[in-house]
Structure formats: structure tokens, C-alpha cells
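Observations on the three-dimensional arrangement
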Amino acid sequence: MSLAQAAIVPDIRPVEELDVLVVGAGFTGLYQLHRLRELGFSVRLFEAAADLGGIWYWNCYPGARVDTHVPMYEFSLEELWRDWTWTERFPAWDELRRYFHYVDKKLDLSRDIRFNTRVEGAEFDLERNQWVVRAQDGSIVRARYLVMCTGFAAKPYTPDLKGLSLFAGAKHHTAWWPQEGLDMAGKRIGVIGTGASGVQVVQEAAAVASQLTVFQRTPILALAMQQCTLDEGTQNEMKRDYPARYVRRRESFGGFDFHASGKSALEVSPEERREVYEAAWAAGGFSFWASTFYDIMMNLEANRTAYDFWREKVQARLDDPALAEKLAPKDPPHPFGVKRPSLEQNYYDVFNQNNVRLVDLKETPIQEITPTGVRTGEDEYEFDILVLATGFDAVTGGLTQIDITGTQGVSLKEHWAAGARTHLGIASAGFPNLVFLYGPQSPSGFCNGPTCAELQGDWVVAFLEQMRERGGARFEATREAEDAWRTHVNEVGAMTLFPLADSWYMGANIPGKPREFLNYPGGVPLYLRMCEASAANDYEGFVLSVPGGG
Ligand code: N01
């Protein structure tokens, strides 16, 4: 029995009918709920977790904190920022959760959210022009429009390591950390993976573990966070500039309040270049990645100047030259910044401690996980706790893990089997009345989350409003529009150095996943112009039709 049929069987529980079902209670989903509800749509939000926060619900491992500075990583609505005060420039997961609760209270969101409700399937009912959506608890709703806000990291990735299930100690992926916490004090801890999550958990574990072993396959090129505490007085001063800063975040490539200069790293003198790098380093955060020279991400020679500066900074902090070479090698493992840099506070310093060691998996790969630990070609390491900081089937995985079936009986997973196909990174052919935000071929991973939640979110809200004004119109992206968008994404991407690393940006961290640009590489302003151009041209690239009206 199909989902659509199941939904019209009379004797099962009543089926709620909605204008819009939103999936996911992170920044993006909450913004949709708030805006659509204000406009009078009947909206519900389904969330798999027991609470708000999206990524900040699941990623509660020790040290988890955002890599974007205050006030960029929050909503730009004055009614929200006016009365909210952060305690740190880069807030931790628990403070972010408090922020979400504050937002909930201010905007009264929870009354339309169903927690502990994981959406597991959706099917389009052509006759009634609705999505029939099924949750894991068996409940079913019908919605004219389905708005997927599952984020880019909703599907954690655990590598298929031999023997992994046999490990007898505590074993946790960073994105499935126990909500009640885990005492790491005095324990022997192994961490596999040195991406942003690995760096953060390593910093915390190093402070309390009896022995910490870090398994590194590729060195992370981590940048100085320059964390600091914030008090209310300072923030009240800062707030005078918030409106201007929020305007700037609309205009910058990555949705921050800074962007790269118009100069090439190769056209300035070595002294001027150093000055720019030093200033960006001192500013902290992503400044060194995104606010120096325009050609860092496009020209290998320019890129190398940034890498060499980064390496000099890191090497200066490490006591052992051999270890320094593994963490910050002379020959770059890949160009700087084409894998997402993470931010660190004392990541490099902990490797000078006696209780911390690095295992270079390029030299000695993992052979198997044993009941007591990890066996590499050379050694066997025993652990009480094994941490899998091995990342995500990013951007597409969160959507394709849900059984979404379109009009041709094809699932989204099948439609994207050879690579993501979207129009504007928002919708796909064969899946009418379905939009996804912060998804494939949109700025997503290249853009600060709250910025995208609002900017892409406003476009989607205006789109849905238009569809409502046209009598509950059905919309569907065309195959031609998908082809054109894919070509555009790849053409812009080919001008960058991103293809030169096996990153999640390229889908290259997951064995067998198509290697492609998962994120729109042209920056937020260009992306918005393309979306606005479609809207101005009666939503070019979509077929619009009114039910019953042809
Ligand atoms: O995941 P990753 P992450 N054997 O994919 C290694 C966001 N985020 O969770 O590089 C051994 O970056 C893998 O090695 P390699 C942020 O956007 C944000 O850390 O593929 N190792 C790599 O070292 C980030 O980019 C924040 O060679 C294996 C690591 O696991 C994104 O989430 C905090 C392996 C995975 O790194 C993902 O970050 C945290 C194997 N078989 C995350 N397979 C903040 O804003 C994989 N690895 C703070």
C-alpha cells in the first residue's frame, strides 16, 4: 500500500492537513516556521530530536562550539538580538541551546513543533496535489508544500572499520554523543578523525585523559580562534553596529561581516602580504580563510603563500620537529582552505603534553578495531573510550536517507544517484511542491548558517506566498533548469581550487559518493541574484500550474 493510499484508509488515526510541513528545528526550519506562520499559512514543524537546535542538539560532545563569531551566528531580527547576551565570542553548544530556547520563548515556536518525530518517508499524491508524509511513529500528515530543513550534517558517517562493533568500551560518534554527557577524566581515549569535530574533542580530552591518542589521516589546517569572553556592556556597545553588520553579511561571499580584498596575494610586496596575514590571524575566526586576498582560493601560487604563513605559525608552537612535520608538513596535504579549516584554541599545544600522542594513519593505517582498542600495522592501542570524529555524509545524505518519492515513482536518492540535480539548489524535477533549504547546490556549506537561513529562507517564503496567491499552485523544477544549474555550479567551481582535495565539500569523504560540487561556489551575492532573476522572470526554471486549472 502506498503512502498516499495509507493516508486515505478511513479507520486509521485522523490525518492532519497543512499548508506547509517544515522538517528540522535548526536555524533554517525555525525561520521558516516563524515567517510562514506570520503570513497565515497553517504550518507544523517535525523534529527528530527531543529539543530545538538542529546540529546543536546532536553535537553535544565536549568542546563543541561554533566556529562563527558573535553576532554573525544568530538571527538578525532586532526583536531577538536586542535582549540577548552571549558570554563568549564563539559560543559553545550549551549556550547555543539556551539561545534556541530564548528564540522559542520570544517567537512562541514550540506550540507548532512536534519533537521526537523523525520523518521517514514522503510521497506526492498527484490527485490531491499534496505531500503525504510519514513519521517513524507511524503518524501521517498531508501538506500542500513540504519544506525540508535538515541541514548539511544530518547523517553522520562511520567508516566501515573491521571489528568496530566488537569494541567493548564506550564508543561514540561525535554527532551521537550521549545527551547526559560522558566522563572522560582519567580515561584512555582514542580519537579517530581530525576535522573540526576531532579538533574540538581533542582539546577537551587532552585536559583530562590519562592518555589520549589521536589518529590522523590528513592534517587539519586549523586557524587561531582568538576566543574571548563577552560581557553585557561590551555587547551593548557592539549592538550599535549590528544593523550595519547584518547588511554586510548579505553582501559577503560566505555570509559573514567580512570579505576578501580585491587584491591578489601575488601583486603585493612580501611585507604588505605579511601585514595582511598577521592582521587576519590576529582577528581570529575565519578571517584568515575568507578576508585576505581574492585569489587564495583560485590560484595555487597565491594559496601557497597563505599555507606557508599558516605553517610557520603552527610549527612555532610545537616542541618536537618530527611531530611538527606531521601536523604541519612542508608540502601541503592539499591547498589551504579547500577543506574547511577548523578553529582551535590549544589544539597544537596539547601535542606537547606527555599524555597526548599522534598516530599518522598515512604511515600506519588502522588494520582493525579490537575489543580493547585499535590495531595499526605497527602497534596496538588500548582504550576505555573510542571517539569517532569521522564526519558526515554531508549536504545530500540528510535528504536521501528519507524515502521521498516523486511523481515518477523515483526516490530523491535515485534521482541524485549520479550526482545532485536541482534548480537553484532549492527544488528538483519530479518532486513538485518540495523545497530544500541549505541543501545541495545552494551556498550551504560555504555560507554561515543563520545568514543562509534568512536569505535563502526569505526567497522560499516569497515563493510559497506567490504559489498561495495563485490558488495553491503546484510548482516543479524542469529538467532543463536542473541541467543548466548543474552546469553553472560546475563552471564556477572549476575556477576554484576546491576540486584539489578529498573533502566533504566535494562528496569525496564518502566511499562511492559522486565527486561533485555539493555547495554553490559562487558566493551568497551571486547566488541571490540568480534566485531573484528567476523570480523576476515568473519563476523561470519552474513549471507552475493551478490544480484543476491545468
Ligand atoms: O568531519 P570532517 P567533522 N579512517 O569530515 C577522518 C562542521 N562542524 O565532523 O581528512 C581514519 O571534517 C577524516 O580524514 P580525511 C564543519 O563544517 C562545525 O570534523 O578524510 N580517518 C577527517 O579527519 C565541518 O567541516 C563545527 O583524511 C577517517 C575526519 O575523519 C563539518 O561539520 C564543529 C576515516 C572527518 O572530518 C564536518 O566536520 C564540528 C577513516 N576511515 C563540525 N574516515 C563548528 O562550527 C574519515 N576520517 C564548530
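Residues numbered from 1 in each chain as written. Predicted model: local features only at pLDDT ≥ 70, side-chain atom pairs only at ≥ 80, totals over all residues. Heavy atoms only, no water.

1. Looking at the overall build of the protein chain
Looking only at helices and strands, the protein chain has 18 helices and 20 strands in total. For 550 residues, the compact-globule formula gives about 24 Å, and the C-alpha radius of gyration of the protein chain, at 24 Å, lands near that figure. Buried residues in the protein chain amount to 60% of all 550 residues. Partitioning the intrachain contacts of the protein chain with sequence separation of at least 6 by distance along the chain shows that 72% fall at a separation of at least 24. Accessible surface computed for the protein chain: about 21,700 Å², of which carbon and sulfur atoms make up 49%. (Helix = DSSP H or I, 4+ residues; strand = E, 2+ residues; numbered from the N terminus. Rg over C-alpha atoms; globule rule 2.2 N^0.38 Å. Buried < 20%, exposed > 50% of the residue type's maximum accessible area, 1.4 Å probe, protein only. Contact = heavy atoms within 4.5 Å. Areas by Shrake-Rupley, 256 points an atom, 1.4 Å probe, with all protein chains shown as cover.)

2. Observations concerning the domain arrangement of the protein chain
Looking at the assigned domains, one finds that the protein chain contains domain 1 (3–52 + 109–155 + 394–545) and domain 2 (164–230 + 259–388). Using only C-alpha atoms to locate each centre, domain 1 and domain 2 end up separated by 33 Å. If you look at the interface, domain 1 gives 10 residues, while domain 2 gives 13 residues. Carbon and sulfur atoms supply 72% of the area buried between domain 1 and domain 2, which totals about 900 Å² over both sides. At the boundary of domain 1 with domain 2, the tally comes to zero salt bridges. Between domain 1 and domain 2 we count one residue pair in polar contact (both at pLDDT 80 or more) in total. Counted by class, the side of domain 1 that touches domain 2 contains seven nonpolar, two polar and one charged residues. (Domains from an automatic or database assignment. Buried area = accessible area lost by both parts, 1.4 Å probe. Salt bridge = Lys/Arg side-chain N within 4 Å of Asp/Glu carboxyl O. Polar contact = N/O pair within 3.5 Å; in protein donor to acceptor, adjacent residues only side chain to side chain. Nonpolar A, V, L, I, M, F, W, Y, C, P; charged D, E, K, R; others polar.)

3. So, helix 5 (residues 93–107)
For helix 5, which comprises 15 residues, the first-to-last C-alpha distance of 21 Å matches the rise-based estimate of 21 Å (1.5 Å per residue) to within 8%. Among all positions of helix 5, only Glu95, Leu96, Arg97, Tyr99, Phe100, Tyr102, Val103, Asp104 and Leu107 are buried. Elements in contact with the buried residues of helix 5: helix 2 (27–38), helix 3 (55–58) and helix 4 (78–81). A positive backbone phi angle near 55° is found at Asp108, which sits one or two residues after helix 5. (Expected span 1.5 Å × (residues − 1).)

4. Structural notes on the sheet that holds strand 7 (residues 170–173)
Note: strands within a sheet are paired through backbone hydrogen bonds, in either parallel or antiparallel orientation. Taking strand neighbours across the sheet as the criterion, the five strands line up as 7-16-8-9-12 in an open arrangement whose pairing is parallel. Each edge of the sheet is formed by a strand with only one pairing partner; in this case those strands are strand 7 and strand 12 (356–360). Shown here is a sheet whose adjacent strand axes are inclined to one another by a mean of 15°, direction ignored. As judged from the four bridges shared by strand 7 and strand 16 (residues 385–388), these two strands associate in the parallel manner. The residue bridging Lys171 from the neighbouring strand is Leu386, located in strand 16. (Pairing = 2+ DSSP bridges. Axes fitted to C-alpha atoms, helices over the stretch in contact; angles between N-to-C directions.)

5. As for the side chain of Thr117
You can see Thr117 is positioned in the loop between strand 3 (113–114) and strand 4 (119–125). Judged by relative accessible area, which is 3%, Thr117 ranks as buried. Among the polar contacts made by the side chain of Thr117, one reaches the main-chain carbonyl oxygen of Phe115 at a distance of 2.7 Å. If sequence neighbours within four positions are ignored, Thr117 has contacts with Phe46, Glu47, Ala48, Ala135 and Asp137.

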